[in-house]
Amino acid sequence: MGAAMRRIHVGNALSAFGLGFTVPYLYVYVAQVRGLGAMTAGLVLAVFAVAALVVLPFAGRAIVRRGPLPVLLAALVTAAAGALSLGLAGDATAVLLSAAALGAGQAVMQPALATMIVDCSTADTRSRAFAVQFFLQNLGLGVGGLIGGHLVDSTRVASFTLLFSIEAAVFLLLVAVMATVRMPRSPRVEGAPARSTRGSWKQLLGNRAMVQLSVLGFVLFFACYGQFESGLAAYGVEAAGITTSALGTALAANTLVIVVAQFAVLKFVERRRRSRVIAAVGLIWAVAWVIAGYAGLGHGSREMATAAFVSTYALFGLGEAMLSPTVAPLVADLAPEGMAGQYNSAFALVKQLALAVGPAVGGPMAASLHGPYVVTFLLFSLGISVLAVRLGRQLTPAQDHPWRGGSRVVTRGGAAAEAVPAEA
């Protein structure tokens, strides 16, 4: 791992730390500490999602034209300003504008950092680099939430002002760290298309494999991440009757599986086609939903229901660990020369859409329609497997199985040789 990649991973960890440091406490801060009510607090959380949806389409073009590093630095400064002003805001307008700046800055960080990983890695090292990124992101979120929870006091506004000020300082520290990164030229992968003279969005929508991966990505995030803190949590409390402390244990089990299994899973992933790995994740998550169905619809004891529910979150964590070195590198390998930023931003946009729609659909269904909720997302998980197999038919051997002999990086910056599509 070179110096540039080490700094990029520091950036991933610190950006995730900043997110985990404040976001879990936004609702309490706005609704109770500032006394602005539940409606304004809900609008603040919605503003985060809307800000991301607004800026991500422009972020991709900016990354392509200016490079990922200048875009990342601008996003960090914007997020720092939003965090600091949010800690000082006393009325609804100021809170909403500050949340918009913070949400927009944090949304742009993701594709910018992902593009920097692409530019500083090769086909041989890219999956491991994204696995490290996912590991550090989860670690940063967990540590940030833990420390932030010990700093805040809902009876003292000053404690939240300190919290947001520290977050702003973390982002500014990250500006200083990332400004020292020297970016190499992006390596080329055999079978990747050359840059097109057409508009970048038109070119992306004309890439059939990327469109299929985007649809698959929406289903992935909708059926898993979009349910974690909304539908699945509501289902556990309402249908399975688990306690809030048991829900916390389940979330901890999810993170623990990711931390423990990430690099062991990476060895398994490196030997297999990416499309088959994603299909396997769909099957694992289908099993997880079956276990969740037993937890809420079975007639066992509360202890058995709790154990089943914790197992559900643990299986989701296993699937996440398998996806982290698979999906993001595949997005990069589908991108034409110089277009990784556009493709990363487009995929981040798909993720944000899924995370916005997932809770809106899953939350009400989980609270009142327990059986249909489980069946619906069981079918979505099986759909992941079907979509992954279909995607595999659109990928070249280098894109679907880059670690196999003869499918590695062959040139730097030049046009790649034409590859034969992978067999179904």
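Residues numbered from 1 in each chain as written. Predicted model: local features only at pLDDT ≥ 70, side-chain atom pairs only at ≥ 80, totals over all residues. Heavy atoms only, no water.

## Some remarks on the overall build of the protein chain
When you go through the protein chain residue by residue, the secondary structure sums to 17 helices and two strands. Residues classed as buried in the protein chain amount to 52% of the 424 residues present. Taking the contacts inside the protein chain whose residues are at least 6 apart along the sequence as the reference set, 86% of them involve residues at least 24 apart. As presented, the protein chain carries roughly 17000 Å² of accessible surface, and 66% of it is formed by carbon and sulfur atoms. (Helix = DSSP H or I, 4+ residues; strand = E, 2+ residues; numbered from the N terminus. Buried < 20%, exposed > 50% of the residue type's maximum accessible area, 1.4 Å probe, protein only. Contact = heavy atoms within 4.5 Å. Areas by Shrake-Rupley, 256 points an atom, 1.4 Å probe, with all protein chains shown as cover.)

## Here we look at the packing of helix α14 (residues 327-334) against helix α15 (residues 340-368)
Angle between the axes and distance between the axes are the two parameters that describe a pair of packed helices. Between α14 and α15, whose axes approach to 8 Å, the crossing angle comes to 135°. With respect to α15, the axis of α14 lies oblique. Between α14 and α15 lies a crossing of right-handed hand. Every residue of α15 that contacts α14 at Val327, Val331 and Leu334 is listed here: Tyr343, Asn344 and Phe347. Its residues placed into classes, the contact of α14 with α15 shows five nonpolar, one polar and no charged. (Axes fitted to C-alpha atoms, helices over the stretch in contact; angles between N-to-C directions. Parallel < 35°, antiparallel > 145°, perpendicular 65-115°, else oblique. Left-handed = near helix turned anticlockwise from the far one by under 90°. Nonpolar A, V, L, I, M, F, W, Y, C, P; charged D, E, K, R; others polar.)

## Examining the nonpolar core
Counting residues in each nonpolar core, the largest one holds 113 residues, and the members touching the most others are Met178, Leu213, Tyr235, Trp285 and Phe309. Every residue in contact with phenylalanine 309, bar those within four places of it in the chain, is listed here: Leu232, Tyr235, Gly236, Ile242, Leu247, Ala250 and Ala295. Ala52, Leu56, Ala107 and Ala348 belong to the second-largest nonpolar core, a separate cluster that totals five residues. (Core = buried A, V, L, I, M, F, W, Y, C linked by side-chain atoms within 4.5 Å.)

## Observations concerning the packing of aromatic side chains
For any pair of aromatic rings, the description rests on two quantities: the centre-to-centre distance and the angle between the ring planes. For the structure shown, the criterion picks out 15 aromatic pairs. A centroid spacing of 5.6 Å and a plane angle of 55° characterise the contact between phenylalanine 135 and phenylalanine 263, whose relative ring orientation is tilted. Here phenylalanine 135, found in helix α6 (residues 126-151), pairs with phenylalanine 263, found in helix α11 (residues 244-270); they are 128 residues apart in sequence, far enough to count as distant. Here phenylalanine 263 falls in the partly exposed class, since its relative accessible area comes to 31%. Both rings, one in tyrosine 235 and one in tyrosine 373, keep their centres 5.8 Å apart while their planes meet at 35°; by these two values the pair is tilted. Of this pair, tyrosine 235 sits in helix α10 (residues 231-238) while tyrosine 373 sits in helix α16 (residues 370-392); the two residues are 138 residues apart in sequence, bridging distant segments of the chain. We classify tyrosine 235 as buried; its relative accessible area is 0%. (Phe/Tyr/Trp six-rings, centres within 6.5 Å; stacked < 30°, edge-to-face > 60°.)

## Here we look at the environment of alanine 114
Its place among the elements puts alanine 114 in helix α5 (residues 92-119). Linking alanine 114 and proline 68, residues 46 residues apart in sequence, is a C-alpha distance of 8.7 Å.

## Digging into the packing of helix α9 (residues 208-228) against helix α13 (residues 302-323)
Relative to each other, α9 and α13 sit at 130°, their axes nearing to 12 Å. Taken together, the axes of α9 and α13 are oblique relative to one another. Two packed elements cross with a definite hand, and for α9 against α13 that hand is left-handed. Judged by residue contacts, Leu220, Ala223, Cys224, Tyr225 and Phe228 of α9 engage Tyr313, Phe316, Glu320 and Leu323 from α13. Looking at the contact of α9 with α13 residue by residue, the class counts come to eight nonpolar, no polar and one charged.

## Focus: the side chain of threonine 326
Among the structural elements, threonine 326 can be located in the loop between α13 and α14. On the basis of relative accessibility, which here comes to 0%, the residue threonine 326 falls in the buried class. In this structure the side chain of threonine 326 is engaged in a polar contact, spanning 2.7 Å, whose partner is the backbone oxygen of methionine 322. In this structure, threonine 326 is in contact with Val269, Arg274, Val277 and Ile278, ignoring residues within four places of it in sequence. (Polar contact = N/O pair within 3.5 Å; in protein donor to acceptor, adjacent residues only side chain to side chain.)

## Quick look at the confidence of the model for the protein chain
A residue-level look at the protein chain finds 89% of positions with pLDDT of 70 or above and a mean pLDDT of 80. Mean pLDDT across the elements of the protein chain ranges from a minimum in strand β2 (residues 409-412), with 34, to a maximum in helix α4 (residues 68-88), with 91. Throughout residues 186-199 the model reports pLDDT below 50, and contacts reaching past four residues in sequence, or to other chains, amount to 61 contacts. Across residues 405-424 the pLDDT falls below 50, and counting only partners more than four positions away or on other chains, this stretch makes 52 contacts in the model. (pLDDT = per-residue confidence, 0-100.)

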